[in-house]
Amino acid sequence: MQLRKIILLATILAGSYTLMAQTDKNSIDDKQNESQKKVKKSKTKLKDAEANFLLNYYEQDGDHSPVTGGRGTEKLENVAPTFVVHVPLDSVSNLDLNFGIDFYTSASTNNIDYFEGRKTGASGKDVRSHINAAYNRDLRNSGNAYSLMAGFSAEFDVTSFHFGGSYTINSKDQNRSLSLDALYMNDSWKLLYPYERRDGTNWLKDDKRTTMKFGLSYSQVINKRLQALFSAEVVSQSGLLSTPFHRVFFDDVNGVPDDNLRDFSHVEMLDDNRLKIPISMRLNYYLNDFMRLRTFYRFYTDSWGITAHTASIELPMQITPSLIASPFFRYHTQTAADYFYEFGQVSKAMVDAKETQFYTSDYDLSDLSSTKIGLGLQYSPLLGVGKFKPPFVKNKQVQLKSIGLRTAFYDRSDGLNAWLVSLDFAFTF
Amino acid sequence: MRDKNKTKLLLASLGLLFGLNSCVSVAAYQKAYLNDEAMALRAKKLESYESNFQSYREGAAGANGGKSGGGCGCN
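Residues numbered from 1 in each chain as written. Chains lettered and ligands numbered in written order. Predicted model: local features only at pLDDT ≥ 70, side-chain atom pairs only at ≥ 80, totals over all residues. Heavy atoms only, no water.

## Considering the overall build of chain B
Part 1 of the argument: Within chain B, the secondary structure is distributed over two helices and zero strands.
Part 2 of the argument: For chain B, the proportion of its 75 residues judged to be buried stands at 59%.
Part 3 of the argument: Of the roughly 3400 Å² of accessible surface on chain B, a fraction of 57% belongs to carbon and sulfur atoms. (Helix = DSSP H or I, 4+ residues; strand = E, 2+ residues; numbered from the N terminus. Buried < 20%, exposed > 50% of the residue type's maximum accessible area, 1.4 Å probe, protein only. Areas by Shrake-Rupley, 256 points an atom, 1.4 Å probe, with all protein chains shown as cover.)

## Here's the deal with the overall build of chain A
Part 1 of the argument: Within chain A one finds four helices and 20 strands.
Part 2 of the argument: Sorting the 429 residues of chain A into buried and exposed places 50% on the buried side.
Part 3 of the argument: A separation threshold of at least 6 residues defines the contact pool for chain A, and within that pool the share at least 24 residues apart is 61%.
Part 4 of the argument: For chain A, the exposed surface amounts to about 21000 Å²; the carbon and sulfur share of it is 58%. (Contact = heavy atoms within 4.5 Å.)

## Examining a nonpolar patch on the surface
Residues and elements named next belong to chain A.
Part 1 of the argument: Residues Phe83, Leu97, Phe99, Ile131, Phe152, Phe161 and Phe163 make up a contiguous nonpolar surface patch of about 620 Å² in total accessible area.
Part 2 of the argument: Looking at the nonpolar patch, the elements with two or more residues in it are strand 3 (93-106) and strand 6 (158-170).
Part 3 of the argument: Among the structural elements, Phe163 can be located in strand 6. (Patch = residues over 30% accessible without salt bridge, like charges linked within 9 Å, V, L, I, M, F, W, Y side chains within 5 Å. Salt bridge = Lys/Arg side-chain N within 4 Å of Asp/Glu carboxyl O.)

## A look at the confidence of the model for chain A
Segments scoring low in pLDDT should not have their predicted coordinates read at a detailed level.
Part 1 of the argument: Per-residue confidence for chain A gives a mean pLDDT of 88, with 88% of residues at or over 70.
Part 2 of the argument: In the model, residues 13-28 of chain A has pLDDT below 50 throughout and makes 28 contacts with residues more than four positions away in sequence or in other chains. (pLDDT = per-residue confidence, 0-100.)

## Section: the pairing of strand 15 (residues 317-320) of chain A
Part 1 of the argument: The pairing of strand 15 of chain A with strand 16 (residues 323-334) of chain A spans three bridges and is antiparallel. Considered in strand 16 of chain A, the bridge of A:Gln318 is made with A:Ile324. (Pairing = 2+ DSSP bridges.)

## Concerning the environment of A:Thr210
Residues and elements named next belong to chain A.
Part 1 of the argument: Structurally, Thr210 can be placed in strand 8 (residues 208-221).
Part 2 of the argument: The class of Thr210 is partly exposed, set by a relative accessible area of 22%.
Part 3 of the argument: Counting along the chain gives 24 residues from Thr210 to Asn186, while the straight-line C-alpha distance between them is 4.6 Å.
Part 4 of the argument: Excluding its chain neighbours within four sequence positions, the residues that come into contact with Thr210 are Tyr184, Met185, Asn186, Ser236, Gln237 and Ser238.

## Brief notes about the pattern of salt bridges
Part 1 of the argument: One pass over the full model with this rule turns up 21 salt bridges over all chains.
Part 2 of the argument: Taking the shortest distance from any N to any O, the salt bridge between B:Arg57 and A:Asp364 comes out at 3.0 Å. Taken together, the residues span two chains, with B:Arg57 in helix 2 (residues 47-57) and A:Asp364 in the loop between helix 4 (348-352) and strand 17 (368-379). In this pair, the class of B:Arg57 matches that of A:Asp364, namely buried.

## What to know about the nonpolar core
Proteins that are soluble and globular tend to have nonpolar side chains buried together.
Part 1 of the argument: In this structure, A:Leu204, A:Val346 and A:Tyr359 are the most contacted members of the largest nonpolar core, which totals 17 residues.
Part 2 of the argument: Excluding residues within four positions of it along the chain, A:Leu204 makes contact with A:Leu191, A:Tyr193, A:Leu240, A:Ser242, A:Pro244, A:Val267, A:Glu268 and A:Met269.
Part 3 of the argument: Counting 11 residues, the second-largest nonpolar core is a separate cluster that includes A:Trp304, A:Tyr339, A:Leu365 and B:Ala60. (Core = buried A, V, L, I, M, F, W, Y, C linked by side-chain atoms within 4.5 Å.)

## Considering the pairing of strand 8 of chain A
Residue and element names in this part refer to chain A.
Part 1 of the argument: Relative to strand 8, strand 7 (residues 176-189) runs antiparallel, the two sharing 13 bridges. Bridge assignment links Asn186 to a residue of strand 8, and that residue is Thr210.
Part 2 of the argument: Here strand 8 pairs with strand 9 (residues 226-239) via 13 bridges, running antiparallel. Bridge pairing in strand 9 places Tyr218 opposite Phe230.
Part 3 of the argument: With antiparallel pairing between neighbouring strands as the criterion, strand 8 and strand 9 make up a hairpin whose turn holds four residues.

The structure is reproduced here in structure tokens:
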């Protein structure tokens, strides 16, 4: 049934590509002239610096929190402002900076201390701050490019850093490119166990997680209207892959009243190694001057037994010369991890017999499907939305180039649903 | 076994999709359509928030570090 949906989606896309769009010839000539001008102009003038202020509000609710063993509230709200700055350093190199803070309240995180006074309100609060920097350089002689990046994030129980780089080989006609990239991530955890399991026992042997990623992507211009990108990644993780405050209840809880569950909880145990292999494809088609087609498909498999398919489609539509509306739809389906058990499903006998060493009741790792539907709006007048002089800076004008809005509703087959809205204010200076 | 067949079928469908369109050499001045902002072969900036929560709410994700907090990370 799920595969049928994906095949139906692929068939619709195939049909769309075969449609020959009706296009005004003058419009094509104008665009080609503009494009030629852009090519000439880019050789002579250094581009403006750009800055984006992004703001996101996210909320979700569900009833399968892993903090309380696979049942219990997952209510959460998150507000996340982010700044993204792009600064050209010279005609061939630039710097990207990205920094932001997540402010969130989580009912389930608050339930880490569930058995201490039975707290159930949505009062668990925290902030996470993060920063990332990337240096990008075009190699003028070869036409290739490379990028180096590093970043850091911190919150109450996890600090992380990462660094990596990429190298892109472009064909002379710029119709093909091959990119190789690598990333190293390190997370250090404060091991915060469920309240009733804090008896001095080291339930988990590691407090660090390392992630290494190697990626390969290939982009290809297929014709004047169609281009594609293929990507493959190998991601290796090791160390602490369990979340220390996730609870699991074995089958000995059957018939036990909720008030007495504290004596029956276990700390989530997951394999300390995981290998992930996602393979994805993007295919974008310029249907006509009114509508473009953006598509995405990903196949995923990992060493924990999860296999997944994800497909999405987006149709950006030019409503007016300044306004683009982009409805989108995404479908995802995955099998469960080998170690997933519902509340009260795994037995001590299974663990003792080494039938399973690992167990989790985290529904993010369960057999599930999800749909996401939403709309994006982009308002970008030719001369910008407005100009203003920034305080404390003389002889400088900032232009608000465009405003973007995107909202989406997410529905997961186990009953979890989420809603989010994001804003993007793009400036040049 | 059924899953393998499904995957092959899906990959074959996508292969066919590509087979319908042979590649041609497109000069820089002919890339007006391809240079359109909506044609970029990357996720939009605003999509980063969605990629983030999806990487937590779905066990199948790319190179995210896994459950490490960040708004909706661990609950």
